[in-house]
Structure formats: C-alpha cells, structure tokens
Amino acid sequence: MKRGQFSSRLAFILAASGSAVGLGNIWGFPSKAAENGGGAFLLMYLFLAFLLAYPALMAELTLGRHGRSNMVSTLDSITSGLVQKRLGQLTGIMGVITATMILCFYSIIAGWMMAHTLASITQTLKMEKIAEWLVTFSLWRNICFSTAFISLTLLVISAGVEKGIEIWSKRLMPCLLLLLLGLIVYVLLQPGAEEGLKIFLVPDFTQLADPQLILSALGQAFFSLSLGVGTMLIYGSYIRSDENLPVAGALVTVSDTGVAVLAGMLIIPALFAAQHLGADIYTETGRLISGPDLIFHALPALFEGMGEAGALVAIAFFTLMSIAALTSSISMLEVPVSWAIETQKISRLKASIAVGVFSILISGIISYKFTSIFELVVVATTEWAQPILSLMLCLFCGWLMHRNHLLDELKQGVPDLESGLFWRIWPTYVKIFCPLLIVIILVQSFLPFS
Ligand code: PFF
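All figures in this text were calculated on a predicted structure; none of them were measured in a lab.

**Things to note about the site of the ligand**
No. 1: In the vicinity of the ligand, 17 residues are found, and the nearest of them are Ala20, Gly24, Tyr106, Phe223 and Thr231.
No. 2: Within the side chain of asparagine 25, one N or O atom sits 3.2 Å away from an oxygen atom of the ligand.
No. 3: Taking 340 Å² as the accessible area of the ligand by itself, protein coverage stands at 100%.
No. 4: Looking at the shell around the ligand, the elements with two or more residues in it are helix H1 (9-20), helix H2 (23-35), helix H5 (82-124), helix H10 (211-224) and helix H14 (308-344).
No. 5: Looking at the shell around the ligand residue by residue, the class counts come to 7 nonpolar, 10 polar and no charged.

If you want it as structure tokens, here you go:
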C-alpha cells in the first residue's frame, strides 16, 4: 500500500502547526499563565519550549522519518533483542492509547466550543431557548457535540494525508491566524485591556522558582507541541526525505509558541476589559480566574457588554476555538488510524470508522461520569503520560538509534549538517540532557515542598 506524503514544506509546517496550535494554546496557555503569575509563566514556558520541547520534537520527527511508519512499527524497527523490542512495542502502544484518550476528552471541550459558536448565532437570531440549551452544561449537549466533533475529524482523516490532513490544514490555519489577529486588535482597543497586557508581559521574577509553575509550564510545553504520543512521529513519517528537519521543526516550534503568546495577548487583556464592564475576574483566593469560568463566563460577559458588535466577536471567538481544536484532533486521530492501517492491514476508511466509533463511545463514558473521570483522564494523559512517553522517545532516539543512522537521516535534507551547531549539540542533548531534565521536573513535583 502506498503511504501518504505531504506535498511540500509548507504543507508539513501547516499540518504540524495545526496539530500543535489548539485549545492548549488558546485556552490552556493563557489560563495557566493567569493562574501562575502571568509574565513569569510566559518566561518559563518559552525557556522550556525551546530548550526541552524543541529537541524532543526533533527526536520524534527524526524517528518518524527514519521509520516511515506508525509509532509501534517504528520503535520495533530500530530496536534489537527481545527486551528492547518489547519496550519499543509497549511505548508505541501506550502512545496510541494516550493519543486516543486525549482525543476523547479533547472532543468534549471542542464540543463546548462548537455549541457556544451555535449559541452566539442563535442568540443573534433571537432563538433564546435553543441558545440557552446550547450554553447550559448537560449530558446530552456534551454527548451530541463531542460526537459531532469526532465525526468531523473522522471525515477529514478518512480522506488521507494529502486530500484530508493537508488540504484542511491549508484552509483552516490561515483562517485561525486572521481571526486571532482581528480579535486581538479589537480587544486591545477596549478600556481596561492595557492592564491585562501588562500583567501578561511583565514577569514577577520571584515566582520563577515555584515548582508548581515549572511543572505546569513543562506539561503545557509538551501538550502544546503534541509530543510523546506519536503525532509528530507520524507527521515526520510523511515528510519528504530531502526536507531540512531541524529548520522544519524550528518553524513548528516558533509558530506554536508564537500563537500561544498571541493568545495570551488576547485572553488576559479580554479578562481585564471584562472587569472594566463589571465582571468579577478573581477567585476567592485572590487569583485570576481560569479554565471554564474564564472562557464561558468572563469572556461572554465582555461580549455582552460590547452591544451589537459583541455578538459578532463572540461568533468569531468560538469559531477560532473550534478551528484550533479541529486541526489538533485530526492529528490525534491519525495516530491510532495509521497504526490500524499499517499493522492490522485494514483500509483507511474502515480504520477511521472503527477508531472514530470507539472514541465516541469512550468520550460518551467520560461525559456520563464527568465529575469523577474527566480531570483524571486529563492529568493522567497530559501531565504524566506525555512527558514520560516523550522521555522514552528521547531515549530511543539518543541511545538505540545508531549515531550513523541518525546522521544519515538528517543529512538527506542538510548535506553539511556535521559542520553546523545543531549536530554538535543536539545528539548529546537529546540523549542525556532532555531525559534528565524531564525526570527532575517530574520527581520534584512529588517532593513535599512542591
Ligand atoms: N497541541 C494540542 C493543543 O495545544 O491543543 C493538543 C494535542 C494535539 C495534544 C495532538 C496531543 C496531540 F497528540
């Protein structure tokens, strides 16, 4: 069976940035920044994104292009001996399971975004009852919209790499950027916004050593670059051999962190503009509100206070969120689908339907037991599984992939690689420094003073 391939560097950058830029950037990052001292969190995040997440992303892309296969088969192909092989398969399977579980909880939040987009539209059409149902938390609303969202993802994925992932990334990513920039300009012109901008951009250095801030920034950096679960590995396997991987990876990192910073410049000033209109933006403990309260209460309060224009801004904002979620979920679904196609030898359509239906069921169960399971699934997959799996991938790339194979792989797109800075630093970095740093950060989160 012929494997899919991205047709150009731009196609890869847009698809991989589409995966990276998602609810994690536009909701997660500003929320965590608001919780953890604004500018200090931004600094730590930028530091970890470039010093830790970028080298780990390069490990995934290189492994993927070398293996030209899904995560399980790729790790199997670079290992030898029973123990190594079993470890490779186990890591690969855990990646496939984690990507699927992330899709299951992510689709519920993405469903809320779609419901709020429709609610803003029905509100302008004066269909108050429907709008009320759409914005009210309920089991059926959650199930309907997460099912619709997964079905949309399934439609894109079943069309394949070039006709599905590539075409839709090329269409949706420019829309996302335009909407984001338009909203920032609008919000920054509102009274009160300036104060939010200051809080976001000016760091309070005393907060930088807070272990909770560091762990939170680490989780955010790995989640935001979609690391550990094989998404970037599978996208790497669809890149052309003559592509310059270090540059492509750097462009994805820059666009992902760039959008996160832009989102911070939208959400936190919007929060203060909402305060100016009378909304309460602090919790009882004196921290800025974050999470669902921020997106579904404070921001809608701002939109309402804007009069006629507010309805349009609300539609634009929730459409932005829905698009960002879709380009990310496409990449999540591709992980189990490519695994099923390549190891179970079934067609793309059958694989997409099977994984899609399975994900709809699991996400239904999470919706049903929302209060007891949702948070657990989020923490287990993003704060633990992603950094640990990423650590494993760095170890596979650094210790088990032969240095000459690594060099040959990267040299295809960069003939003079050996004389550059990247090759002098990265192999040792990914072998020793990245795993060590991930372990230190994970362990310190257990310590009593953290
Ligand atoms: N990077 C996405 C975001 O920031 O929302 C989330 C994500 C996508 C996580 C794909 C994991 C993944 F495999």
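**Comments concerning unusual backbone geometry**
No. 1: In this structure, serine 226 is a non-glycine residue whose phi angle is positive, near 55°.
No. 2: Within the secondary structure, serine 226 is located in the loop between H10 and helix H11 (231-237).
No. 3: Residue serine 226 is classed as buried on the basis of its relative accessible area, which comes to 8%.

**Remarks on the nonpolar core**
No. 1: Residues Phe12, Tyr235, Ile295 and Phe317 are the most contacted members of the largest nonpolar core, which totals 157 residues.
No. 2: Broken down by element, this core gets its largest block of residues, 18 residues, from H14.
No. 3: Ignoring sequence-local partners within four residues, the contact set of phenylalanine 317 consists of Leu183, Leu266, Ile267, Ile295, Leu299 and Phe303.

**Remarks on the packing of helix H12 (residues 245-276) against helix H13 (residues 291-305)**
No. 1: Where H12 meets H13, the closest approach of the two axes is 8 Å, and the angle between their N-to-C directions is 55°. On the basis of their axis angle, the class for H12 and H13 is oblique. Between H12 and H13 lies a crossing whose hand is left-handed. Contacts from Ile267, Ala270, Leu271, Ala273 and Ala274 of H12 reach H13 at Leu294, Ile295, Ala298, Leu299 and Leu302.

**Description of the side chain of threonine 382**
No. 1: Tracing the backbone through its elements, the reader meets threonine 382 in helix H16 (residues 370-400).
No. 2: Here valine 378 takes part through its backbone oxygen, which lies 2.6 Å from a polar atom of the side chain of threonine 382.
No. 3: Among all residues touching threonine 382, those that are not within four sequence positions of it are Phe105, Phe223 and Pro387.

**Overview of the side chain of glutamate 409**
No. 1: Mapped onto the fold, glutamate 409 is located in helix H17 (residues 403-411).
No. 2: If we ignore the near neighbours within four places in the chain, the residues touching glutamate 409 are Thr62, Arg65 and His66.

**Here we look at the pattern of salt bridges**
No. 1: Following the criterion strictly, the structure yields 8 salt bridges and no others.
No. 2: Between lysine 85 and aspartate 76 there is a salt bridge, with the nearest N and O atoms lying 3.7 Å from each other.
No. 3: The class for lysine 85 is partly exposed, based on a relative accessible area of 25%.
No. 4: We note a salt bridge from arginine 240 to aspartate 242, for which the minimum N-O separation is 3.4 Å.
No. 5: Of the residues examined, arginine 240 reaches a relative accessible area of 34% and is grouped as partly exposed.

**What to know about a nonpolar patch on the surface**
No. 1: On the surface, Leu87, Leu90, Ile93, Met94 and Ile97 cluster together into a nonpolar patch covering about 420 Å² of accessible area.
No. 2: Mapping isoleucine 93 onto the fold places it in helix H5.
No. 3: Of the residues examined, isoleucine 93 reaches a relative accessible area of 34% and is grouped as partly exposed.

**Digging into the environment of glycine 22**
No. 1: Along the polypeptide, glycine 22 turns up in the loop between H1 and H2.
No. 2: In this structure, the C-alpha to C-alpha distance between glycine 22 and alanine 324, residues 302 residues apart in sequence, is 4.4 Å.
No. 3: Excluding residues that lie within four positions of it along the chain, glycine 22 makes contacts with Tyr106, Ala324 and Ser328.

**Remarks on the packing of H2 against H10**
No. 1: Across the interface, H2 lies against H10 with an axial gap of 11 Å and an inter-helix angle of 175°. Taken together, the axis directions place H2 and H10 in an arrangement best described as roughly antiparallel. Residues Gly24, Asn25, Gly28, Phe29 and Lys32 of H2 lie in contact with H10, whose contacting residues are Ser216, Gln220, Phe223 and Ser224.
No. 2: Across the contact of H2 with H10, the residue classes tally to 2 nonpolar, 6 polar and 1 charged.

Definitions and cut-offs
Residues numbered from 1 in each chain as written. Predicted model: local features only at pLDDT ≥ 70, side-chain atom pairs only at ≥ 80, totals over all residues. Heavy atoms only, no water. Near = heavy atom within 4 Å. Polar contact = N/O pair within 3.5 Å; in protein donor to acceptor, adjacent residues only side chain to side chain. Areas by Shrake-Rupley, 256 points an atom, 1.4 Å probe, with all protein chains shown as cover. Helix = DSSP H or I, 4+ residues; strand = E, 2+ residues; numbered from the N terminus. Nonpolar A, V, L, I, M, F, W, Y, C, P; charged D, E, K, R; others polar. Buried < 20%, exposed > 50% of the residue type's maximum accessible area, 1.4 Å probe, protein only. Core = buried A, V, L, I, M, F, W, Y, C linked by side-chain atoms within 4.5 Å. Contact = heavy atoms within 4.5 Å. Axes fitted to C-alpha atoms, helices over the stretch in contact; angles between N-to-C directions. Parallel < 35°, antiparallel > 145°, perpendicular 65-115°, else oblique. Left-handed = near helix turned anticlockwise from the far one by under 90°. Salt bridge = Lys/Arg side-chain N within 4 Å of Asp/Glu carboxyl O. Patch = residues over 30% accessible without salt bridge, like charges linked within 9 Å, V, L, I, M, F, W, Y side chains within 5 Å.

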